[in-house]
Amino acid sequence: MIRRRARSDRKRCVTLVLQSNPLKRLTGLGFCAVAVSFAAPANAQSDEDLFVEANLLSIFYHELGHAAIDLLQLPVFGQEEDAADVASILLIDALYESETALDLAYDAASGFAAEAIAREEGGYDVAWWSEHGPDEQRFYNSVCLFYGADPEGREEFAEDMGLPEERAETCDYEYELAADSWGPVFDDLAGDGYPMVFSGQGDSLTTDLIAAEVEALNEDFAWPVSLTAVVEPCGEANAFYDPSGPEVIICTEFEPHLRMLFGLLD
Ligand SMILES: [Zn+2]
């Protein structure tokens, strides 16, 4: 049984202002901006930092999905990249109390939308050949699963994110299937094994966040072998799972890339 973390665990004393629909610029549809404001203490993190933090966590959980698939030798019926995205959004839903999970899901899904905007603005075609689905598809898949985990409680989320009714109606089933598939894996990881080890230097947001996250995850999960989470420069804004370590590598270049993406969301 995974412990749900309170908002204070993430130092998220403040809920970020939710972005306007991130796909507005892609679709030309006029969704209303939804602003949820809370009394902000003086040390409130900026919306940009919260966006960066949520996306780094989402990416980290995605890479842990790859790690689990490899280290537990899980069968994958479909694209592994999709399975890792599913693991990520399920962990966001499972690990956090509902308000925090909602904040993280808005920002993590918006990250995919921002990637799509960046691609359009760069004049690049959709990489249909990629092992990853198109960013727009990853956006809708994440929104659908998170909505499907609590359709009654998250109707506003689905609306804000522009989830079409045709897709929304299958999301509770999609969530159930995903939870039935990954749930027993998360339960397995809650058993005996090795804690994750952190390796990284400096005091960037990425280093601090991943170091703290490794510590927090070690409360819930143990691994069949020693798994290291590394924050280091890689020469590109990316993250990897390297089975030869085994290591999850979060590149330091990701943080400035995410700050650029945040700037693309109105
Ligand atoms: Zn991946």
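One structure accompanies this document, and this report is about it. Just so it is clear, the model here is predicted, and its values are computed rather than measured. (Residues numbered from 1 in each chain as written. Predicted model: local features only at pLDDT ≥ 70, side-chain atom pairs only at ≥ 80, totals over all residues.)

What follows covers the pairing of strand E3 (residues 239-242). Side-chain alternation along E3 places Ala239 and Tyr241 on a buried face and Phe240 and Asp242 on a face that remains uncovered. One ladder, built from 4 bridges, connects E3 with strand E4 (residues 247-251); its direction is antiparallel. When the sheet's bridge partners are listed, Ala239 is paired in E4 with Ile250. Between E3 and E4, which follow one another and run antiparallel, lie 4 residues. (Buried ≥ 20, exposed ≤ 12 C-beta atoms within 10 Å, placed from the backbone. Helix = DSSP H or I, 4+ residues; strand = E, 2+ residues; numbered from the N terminus. Pairing = 2+ DSSP bridges.)

Right, let's talk about helix H8 (residues 171-189) for a bit. For an α-helix, 3.6 residues make a turn, and residues three or four places apart therefore share a direction. Taking 1.5 Å per residue, 19 residues should reach 27 Å; H8 reaches 26 Å between its end C-alpha atoms and fits that length. Listing the buried residues of H8 in full gives Cys171, Tyr175, Ala178, Trp182 and Leu189. Tucked inside the fold, the buried residues of H8 contact helix H2 (47-71), helix H3 (80-95), helix H5 (135-148) and helix H7 (165-168). (Expected span 1.5 Å × (residues − 1). Contact = placed C-beta atoms within 7 Å.)

What follows is about the nonpolar core. Ala87, Ile92, Ala105, Val143 and Ile250 are the most contacted members of the largest nonpolar core, which has 71 residues in total. Non-local contacts of Ala87, meaning those with residues more than four positions away in its chain, are made with Tyr61, His62, Leu64, Gly65, Ala68 and Trp182. (Core = buried A, V, L, I, M, F, W, Y, C linked by C-beta atoms within 7 Å.)

A few words now on the packing of helix H4 (residues 98-121) against H5. Helix packing for two helices is described by the angle between their axes and how far apart those axes are. Two elements in contact, H4 and H5, have axes separated by 8 Å at closest approach and are oriented at 165 degrees. Judged on the interaxial angle alone, H5 and H4 are roughly antiparallel. Note that H4 runs across H5; the crossing there is left-handed. Facing Ala105, Ala108, Ala109, Phe112, Ala113, Glu115, Ala116 and Arg119 of H4, the residues of H5 in contact are Asp135, Glu136, Arg138, Phe139, Ser142, Val143 and Phe146. Taken together, the residues that form the contact of H4 with H5 break down as 9 nonpolar, 1 polar and 5 charged. (Axes fitted to C-alpha atoms, helices over the stretch in contact; angles between N-to-C directions. Parallel < 35°, antiparallel > 145°, perpendicular 65-115°, else oblique. Left-handed = near helix turned anticlockwise from the far one by under 90°. Nonpolar A, V, L, I, M, F, W, Y, C, P; charged D, E, K, R; others polar.)

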